[in-house]
Amino acid sequence: MTNDTALTALPLAAGQWALDPFHSSVNFTIRHLGIAKVRGRFERLEAELFVGERVEDVRISATVDLASIDTGNADRDAHVRASDLLDVAKRPTMTYRSTRVSGEGEDWTMEGELTIGDVTRPVTLAVEFGGLVEVPMDGSRHAGFEATGEIRRGDFGLDFAPGLLGDVVKIQLDMQFVEPKENA
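Residues numbered from 1 in each chain as written. Predicted model: local features only at pLDDT ≥ 70, side-chain atom pairs only at ≥ 80, totals over all residues. Heavy atoms only, no water.

Focus on the overall build of the protein
Logical step 1: Each helix and strand in the protein was counted, giving 1 helix and 11 strands.
Logical step 2: Starting at the N terminus, the α and β elements of the protein follow one another as β-β-β-β-β-β-α-β-β-β-β-β.
Logical step 3: In summary, the protein has a C-alpha radius of gyration of 18 Å against a globular reference of 16 Å for 184 residues, a match within 12%.
Logical step 4: Taking contacts inside the protein between residues at least 6 apart in sequence as the whole, the part at least 24 apart equals 55%.
Logical step 5: Surface accessibility of the protein: about 10300 Å² in total, with carbon and sulfur atoms responsible for 51%.
Logical step 6: For the protein, the separation between the mean place of its 19 positive charges and that of its 31 negative charges on side chains is 6 Å. (Helix = DSSP H or I, 4+ residues; strand = E, 2+ residues; numbered from the N terminus. Rg over C-alpha atoms; globule rule 2.2 N^0.38 Å. Contact = heavy atoms within 4.5 Å. Areas by Shrake-Rupley, 256 points an atom, 1.4 Å probe, with all protein chains shown as cover. Lys, Arg positive; Asp, Glu negative; His and termini not counted. Charge placed at Lys NZ, Arg CZ, Asp CG, Glu CD.)

Describing the environment of Ala78
Logical step 1: Mapped onto the secondary structure, Ala78 falls in helix 1 (residues 74-81).
Logical step 2: Separated by 11 residues in sequence, Ala78 and Ala67 have C-alpha atoms that sit 8.8 Å apart.

Brief notes about the packing of aromatic side chains
Logical step 1: Tallied over the full model, the rule gives 3 aromatic pairs.
Logical step 2: Judged by centre distance (5.4 Å) and plane angle (40°), the ring pair of Phe28 and Phe42 falls under tilted. Of this pair, Phe28 sits in strand 2 (residues 25-32) while Phe42 sits in strand 3 (residues 36-42), and the two are 14 residues apart along the sequence.
Logical step 3: By relative accessible area, which is 9% here, Phe42 ends up buried.
Logical step 4: For the ring pair Phe129 and Phe145, a centre distance of 5.3 Å and an interplane angle of 45° mean the geometry is tilted. Of this pair, Phe129 sits in strand 9 (residues 119-134) while Phe145 sits in strand 10 (residues 141-152), and the two are 16 residues apart along the sequence. (Phe/Tyr/Trp six-rings, centres within 6.5 Å; stacked < 30°, edge-to-face > 60°. Buried < 20%, exposed > 50% of the residue type's maximum accessible area, 1.4 Å probe, protein only.)

Overview of a negative patch on the surface
Logical step 1: On the surface, Glu104, Glu106, Asp107 and Glu128 cluster together into a patch of negative charge.
Logical step 2: Among the structural elements, Asp107 can be located in strand 8 (residues 107-116).
Logical step 3: The exposure class of Asp107 is exposed, given its relative accessible area of 58%. (Patch = residues over 30% accessible without salt bridge, like charges linked within 9 Å, V, L, I, M, F, W, Y side chains within 5 Å. Salt bridge = Lys/Arg side-chain N within 4 Å of Asp/Glu carboxyl O.)

Regarding a nonpolar patch on the surface
Logical step 1: On the surface, Leu33, Ile35 and Leu164 cluster together to form a nonpolar patch covering roughly 300 Å² of accessible area.
Logical step 2: Counting through the fold element by element, Leu33 comes out in the loop between strand 2 and strand 3.

Digging into the pairing of strand 7 (residues 93-104)
Logical step 1: One ladder, built from 5 bridges, connects strand 5 (residues 59-65) with strand 7; its direction is antiparallel. Paired with Ser61 across the strands is Arg97, a residue of strand 7.
Logical step 2: Pairing between strand 7 and strand 8: 10 bridges, direction antiparallel. Within strand 8, the residue paired with Met94 across the bridge is Ile116.
Logical step 3: Here strand 7 hands over to strand 8 after 2 residues, with Gly105 in that stretch at a positive phi of 65°. (Pairing = 2+ DSSP bridges.)

Description of the confidence of the model for the protein
Logical step 1: In this model, the protein carries an average pLDDT of 88, and 93% of its residues clear a pLDDT of 70 or more.
Logical step 2: Least confident of the elements in the protein is helix 1, whose mean pLDDT is 91; most confident is strand 5, at 95.
Logical step 3: Low pLDDT, under 50, characterises residues 1-9; the stretch is placed with 19 contacts to residues that sit more than four places away or in other chains. (pLDDT = per-residue confidence, 0-100.)

Describing the pattern of salt bridges
When the charged atoms of two side chains lie near each other, side chains of opposite charge can form a pair.
Logical step 1: Across all of its chains, the model carries 7 salt bridges by this definition.
Logical step 2: With its nearest N and O atoms 2.8 Å apart, the salt bridge here joins Asp65 to Arg44. Taken together, the residues Asp65 in strand 5 and Arg44 in the loop between strand 3 and strand 4 (45-51) connect sequence positions 21 residues apart.
Logical step 3: Using a relative accessible area of 45% as the deciding quantity, one classes Arg44 as partly exposed.

Below, the structure written as structure tokens:
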């Protein structure tokens, strides 16, 4: 199967798919002191998936509220939000816009642009298509995806606390989207 026909391998209806926020998450891991990992998540996420007739037409956009960080430690979260670290007053959101999707079956690659504050850089994510299922309660159809990748804080001007925090941030997005209703 070529990438030109790869969309037919996914049973996704064309149209604007809505995020199921109750079954979606944005998680991250960063090294602390170079010896241990700190894990966290962002609680507030908005995303849209547009599926066209061809794989070249597939687009996704997502916005994360950076103030919604949760590392399991309220004091640490407050410090990360502060002006000497992430500075959420200056950088309230992180946005991602895909520019190209390719692959087939369960394994896909999504290229896009990530913006944090006033800095935009290319970021490629590995995407696993988890499948499509009809929800018995209401008959809606949900598609599941996991996207993973990494960014370097320094690429976005977030080079605070060198030695204390690692430069590489590993990201994992677990997302469910709801198929558009016919004739909606």
